Amino acid sequence: GAAQHRFERSLCITPAGSERDPASASIFGITQEYPFFPDTVNPSMLDTAFKRMAAMGIRWFRAWIRWDYVEQTPGAYDWTGIDHLPAIAAKHGIELYACMHNGTKDFMIGTRDERPRPGRFAGDMFLPVIDPAAWRRFLTAFAERYRGRITYYQIWNETDTRLYWHPFKTDAYVTFMKEGGAALKEGNPGAVVALGGFCAALEDAFFDKLTHASEDAAYGLKEFYQCKPQPYYDIFDYHFYCPAEAKQRWDNRSVLVKRLKAIMAEQGEGTKPIWNGET
């Protein structure tokens, strides 16, 4: 009988001589948390992964950057883990998008006794920093070191949800984003800063709510704009998930994009780019 084949992995076949778009002309990216601690980075594995991404047409890599990848003890920076990232990305023509967030050292988040954990959160690396000045120094040093190699930055992740942002207050994030963006641009005046990425699965809260209660899962876009955040970011990052729909259909997401653009235009942001940082 005919042979039967079962594929355990999806395939992507690209002609060897095909012309590939540069990052500036491409919409295709990938996001992944990889441990860039100095003693865990595998440059050979990274090189292979980025080579395969480039062959598939991937031109962007959103890298989650923990503070403690660089600073294990206060004031001592070790860049040997992170240094592989821009070098290998440049080799394969991939632009980096660095999502900056906390680490888990006591001088970053406090001890467990000092800092009781919220009831719902994604992990210790998303607890608020206890030394904002040290955090800003890290951001400035990071942006300065990788000036010309990393241009695009994001301040935290999904800060409209209580899973990732504490204290769960809209104005607290706007202030944090303002100060963090200023620190990045001090190190690299050409840095381009995105907000933390709204979570699109919570669309009613995202679009319509002017205020949120302490027990809510998310705050709304209109509440966000009440804090006048427009000067503090260059890119509006929105995570257009569609997890409840058959086969991840995108039809109603085009409606949401139009709705988002209309609200942004009302707030004087009609020309600001919208990026889909996760999907």
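Residues numbered from 1 in each chain as written. Predicted model: local features only at pLDDT ≥ 70, side-chain atom pairs only at ≥ 80, totals over all residues. Heavy atoms only, no water.

Enquirer: I would appreciate a short explanation of the overall build of the chain in the present structure.
Expert: Within the chain, the secondary structure is distributed over eight helices and ten strands. Of the contacts formed within the chain by residues at least 6 apart in sequence, a portion of 73% connects residues at least 24 apart. Carbon together with sulfur atoms contributes 53% to the accessible area of the chain, which is approximately 14,300 Å² in total. (Helix = DSSP H or I, 4+ residues; strand = E, 2+ residues; numbered from the N terminus. Contact = heavy atoms within 4.5 Å. Areas by Shrake-Rupley, 256 points an atom, 1.4 Å probe, with all protein chains shown as cover.)

Enquirer: What am I meant to see in the environment of N102 here?
Expert: Tracing the sequence through the fold places N102 in the loop between strand 5 (95-101) and helix 3 (106-109). Residue class for N102 comes out buried when judged on its relative accessible area of 0%. Spatially, the C-alpha atoms of N102 and L127 are 7.2 Å apart, while their sequence positions differ by 25 residues. Residues within four places of N102 in sequence aside, it is in contact with R66, W67, M108, I109, M125, L127, P128, V129, W135 and W156. (Buried < 20%, exposed > 50% of the residue type's maximum accessible area, 1.4 Å probe, protein only.)

Enquirer: Please clarify how the sheet that holds strand 9 (residues 236-239) should be interpreted in this entry.
Expert: Judged by pairing direction, the sheet is parallel, and its three strands sit side by side in the order 8-9-10 without closing on themselves. Among the strands making up the open sheet, the edge pair consists of strand 8 (198-199) and strand 10 (274-275). The sheet contact formed by strand 9 and strand 10 spans two bridges and is parallel. Bridge pairing in strand 10 links D237 to W275. (Pairing = 2+ DSSP bridges.)

Enquirer: Explanation requested: unusual backbone geometry in the structure shown.
Expert: If a residue is not glycine, its phi is most likely negative; likewise, a peptide bond is most likely trans. Here the bond from H166 into P167 is cis, since omega is 0 degrees, no more than 30 degrees from zero. Within the fold, P167 resides in the loop between strand 6 (152-155) and helix 5 (170-187). For E158, which is not a glycine, the phi torsion comes out positive at approximately 45 degrees. Taking the relative accessible area as the measure of exposure, E158 reaches 7% and is therefore buried.

Enquirer: Looking at this structure, how should I read the sheet that holds strand 1 (residues 29-32)?
Expert: Two modes of strand pairing occur in sheets, parallel and antiparallel, and in both the strands are linked by backbone hydrogen bonds. Read from one edge to the other, the open sheet built from five strands follows the order 1-2-5-6-7, with strand pairing classed as parallel. The open sheet is flanked by strand 1 and strand 7 (192-194), the only strands paired with a single partner. In this sheet, neighbouring strand axes are inclined to one another by 25 degrees on average, regardless of whether the strands run parallel or antiparallel. The pairing of strand 6 with strand 7 spans three bridges and is classified as parallel. (Axes fitted to C-alpha atoms, helices over the stretch in contact; angles between N-to-C directions.)

Enquirer: Sorry, what's going on with the side chain of Q154 here?
Expert: Within the fold, Q154 resides in strand 6. Polar side-chain contacts of Q154 include one of 3.2 Å to the backbone oxygen of L195. Side-chain polar atoms of Q154 contact the backbone oxygen of G196, separated by 3.4 Å. Leave out the neighbours within four places in its chain, and Q154 touches R62, Y97, A98, C99, M100, A194, L195, G196, G197, D237 and H239. (Polar contact = N/O pair within 3.5 Å; in protein donor to acceptor, adjacent residues only side chain to side chain.)

Enquirer: Looking at this model, I keep getting lost on the packing of helix 4 (residues 132-145) against helix 5. Mind explaining?
Expert: Any two packed helices are characterised by the angle at which their axes cross and by the distance between the axes. Remark: helix 4 packs on helix 5, axes separated minimally by 6 Å, with the N-to-C direction vectors making an angle of 40 degrees. Of the two possible hands of crossing, helix 4 and helix 5 adopt the one that is right-handed. Contacts between helix 4 and helix 5 involve W135, R136, L139, T140, A143 and E144 from the first element and F176, E179, G180, A183, L184, E186 and G187 from the second. (Left-handed = near helix turned anticlockwise from the far one by under 90°.)

Enquirer: So what exactly am I meant to see when it comes to the nonpolar core here?
Expert: The nonpolar side chains of a soluble globular protein tend to be buried with one another. Ranked by size, the top nonpolar core spans 69 residues in total, and within it F50, F142, Y153, Y173, F224 and F236 carry the most contacts. When residues in this core are grouped by element, the largest group, seven residues, is from helix 4. Residue contacts for Y173: discarding those within four places in its chain leaves I155, W156, T159, W165, L195, G196, Y219 and F224. (Core = buried A, V, L, I, M, F, W, Y, C linked by side-chain atoms within 4.5 Å.)

Enquirer: What is the right way to look at the packing of helix 1 (residues 43-55) against helix 2 (residues 84-91) in this model?
Expert: Close contact between helix 1 and helix 2 brings their axes to 9 Å; oriented N to C, the two are set at 35 degrees. Between helix 1 and helix 2 lies a crossing of right-handed hand. Each of P43, L46, D47 and F50 in helix 1 lies in contact with helix 2, whose residues at this interface are H84, L85, I88, A89 and K91. Here the contact of helix 1 with helix 2 is built from residues that sort into six nonpolar, one polar and two charged. (Nonpolar A, V, L, I, M, F, W, Y, C, P; charged D, E, K, R; others polar.)

Enquirer: What is the right way to look at the packing of aromatic side chains in this model?
Expert: Going through the model one piece at a time under the given rule, you end up with 35 aromatic pairs. Ring centres of W60 and Y152 lie 5.3 Å apart, and the angle between their planes is 75 degrees; this geometry places the pair in the edge-to-face category. Of the two residues, W60 is situated in strand 2 (residues 60-66) and Y152 in strand 6; the sequence distance between them amounts to 92 residues. Between F198 and F224, the ring centres sit 5.1 Å apart and the planes meet at 80 degrees, which makes this aromatic pair edge-to-face. Taken together, the residues span a long stretch of sequence, with F198 in strand 8 and F224 in helix 7 (residues 221-226) at a distance of 26 residues. A cation over a ring is seen here: K272 above Y233, with NZ or CZ 3.8 Å from the ring centre. (Phe/Tyr/Trp six-rings, centres within 6.5 Å; stacked < 30°, edge-to-face > 60°. Lys NZ or Arg CZ within 6 Å of the ring centre and 35° of its normal.)

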